[in-house]
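Descriptive analysis of the structure
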Amino acid sequence: MASRTVSVAVTGVGLVGSEFISQLLSLATPNPFRIVALSSSKHTLFAPDGLNITVNSWKESLAQSSAKTPQDLVQDLSKLVKPGQDVVFVDNTSAENIASLYPSLLSAGIHVITPNKKAFSGDLSLFDGILSSSAKSGAKFLNESTVGAGLPVISTLKDLVATGDKVKKIEGVFSGTMSYIFNNFSSGEEGGPSFSSVVAVAREKGYTEPHPADDLTGSDVARKLSILARFIPSLKEKVPLPQGYQSVPTTSLIPAGLASQSLSADDFVTRLADYDAEFDQKRSEALKEGSVLRYVGVVDLEQGIVKADLQKYPKTHPFATSLGGSDNIIMFHTERYSPRPLIIQGAGAGAAVTAMGVMSDLLKLI
Ligand SMILES: NC(=O)C1=CN([C@@H]2O[C@H](COP(=O)(O)OP(=O)(O)OC[C@H]3O[C@@H](n4cnc5c(N)ncnc54)[C@H](OP(=O)(O)O)[C@@H]3O)[C@@H](O)[C@H]2O)C=CC1
Ligand SMILES: N[C@@H](CC=O)C(=O)O
Ligand code: NA
């Protein structure tokens, strides 16, 4: 594909989307990509021969543009697919309605790259639709940033499976938000910041989902576990996940008093402060046992278990001693990597590292 034209359409220009556009426009020249479309939920810029934008000008240009439905955009992009001309749709939203377009995009020969977990962790029929339309048209989908942000988690798993290794268990800390929260809230020392204050900082740092409740319910971790599970072919017989993340037993951290309320993200974080004492108590109980709290996930093929849970770990455990910031740690126990697992660790959330994962997927296409 080296001498081909690669047209890129970017949908979703929030934290990750904006950073992705900056990284794309800052590639060394000659830049192999041209951006043909940019869209938010209200505005769309489209130019089949490439948009005339810079890192400093695209926001204003987009704000002045009119709306286009995602379906119309798919039609416009389909017309650009020709021999020697690749088209890539980059979904930087967390929207279900955009995720549901992937089968039509792939059927039209448009590659899909995304950090959006929705299509890969929901109903199995959408995931199967993605696999079959990609197989039929030859268009690729890449979703490295859906697990561990830019960390090479999906690519490592695919390599293990493709080379014939047998995955026995994957376990670790899969949420940058939960990692940040508990690294700071439950550090193993007496006292410490309030739970609601560390949640607020995780949100300010861009680690949370657009609504932080999606992190605190554990759904974000459950989604990542179902994504990993779906890339292990032998798991389907062991642990069927027909509804994806909703089939994963998951411990929610949302206080009972807030669970039934549908609050805006701002109100949710404000109201969380009413429940700080409940979290203080959990922290003290762990500390009395010489432990810290960590939110972990596991896909265990031998035991047939997939679950996301808040657990206590001794202060000497690697989950207590080696994690900082938004670090994820993912341990692959396999036939080859045994008894010591293959371990991947590093920042697992934030715009820069997530956009890097999306960008590296794009570079893999060429
Ligand atoms: N932040 C992180 O650390 C990580 C994020 N991710 C994933 O990356 C994705 C983006 O996250 P993030 O950038 O933090 O979220 P943001 O909320 O900052 O950005 C999402 C953007 O999507 C836009 N959007 C929503 N619905 C639509 C739609 N139907 N059509 C077009 N645009 C739409 C929203 O803008 P508007 O409504 O104004 O149009 C918003 O700007 C999510 O799927 C998230 O799970 C993955 C790994 C790590
Ligand atoms: N909200 C998520 C973002 C990355 O997937 C997290 O905290 O891990
Ligand atoms: Na990743």
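Residues numbered from 1 in each chain as written. Chains lettered and ligands numbered in written order. Predicted model: local features only at pLDDT ≥ 70, side-chain atom pairs only at ≥ 80, totals over all residues.

Per an unreviewed UniProt entry, the protein goes by the name Homoserine dehydrogenase and belongs to Cerrena zonata. Recorded in UniProt for the protein, the comment headed Cofactor (unreviewed entry) runs: "a metal cation". Under the UniProt heading Sequence similarities (unreviewed entry), the note attached to the protein is "Belongs to the homoserine dehydrogenase family." (UniProt positions renumbered as here; feature names shortened; annotations may be inferred.)

1. As for the UniProt feature "active site" (unreviewed entry) in the protein
Sequence positions flagged by UniProt for "active site" (unreviewed entry) are, in local numbering, Lys224. Aside from chain neighbours lying at most four places away, what touches Lys224 is Lys117, Thr146, Val147, Phe174 and Gly297. (Contact = placed C-beta atoms within 7 Å.)

2. Overview of the environment of Gln243
By secondary structure assignment, the location of Gln243 is in the loop between helix H13 (235–238) and helix H14 (256–259). By C-beta crowding, Gln243 is classed as partly exposed, having 13 other C-beta atoms within 10 Å. As for Gln243 and Gly304, which are separated by 61 residues in sequence, their C-alpha atoms are 17 Å apart. (Helix = DSSP H or I, 4+ residues; strand = E, 2+ residues; numbered from the N terminus. Buried ≥ 20, exposed ≤ 12 C-beta atoms within 10 Å, placed from the backbone.)

3. Describing the site of ligand 1
Neighbouring residues of ligand 1: 30 residues in total, closest Gly14, Val16, Ser40, Ser41 and Ser94. Taken together, the elements giving at least two residues each to the shell around ligand 1 come down to helix H1 (15–25) and helix H4 (96–99). The leading source of residues in the shell around ligand 1 is H1, at 3 residues. Residues belonging to the shell around ligand 1 are distributed by class as follows: 10 nonpolar, 17 polar and 3 charged. (Near = placed C-beta within 6 Å. Nonpolar A, V, L, I, M, F, W, Y, C, P; charged D, E, K, R; others polar.)

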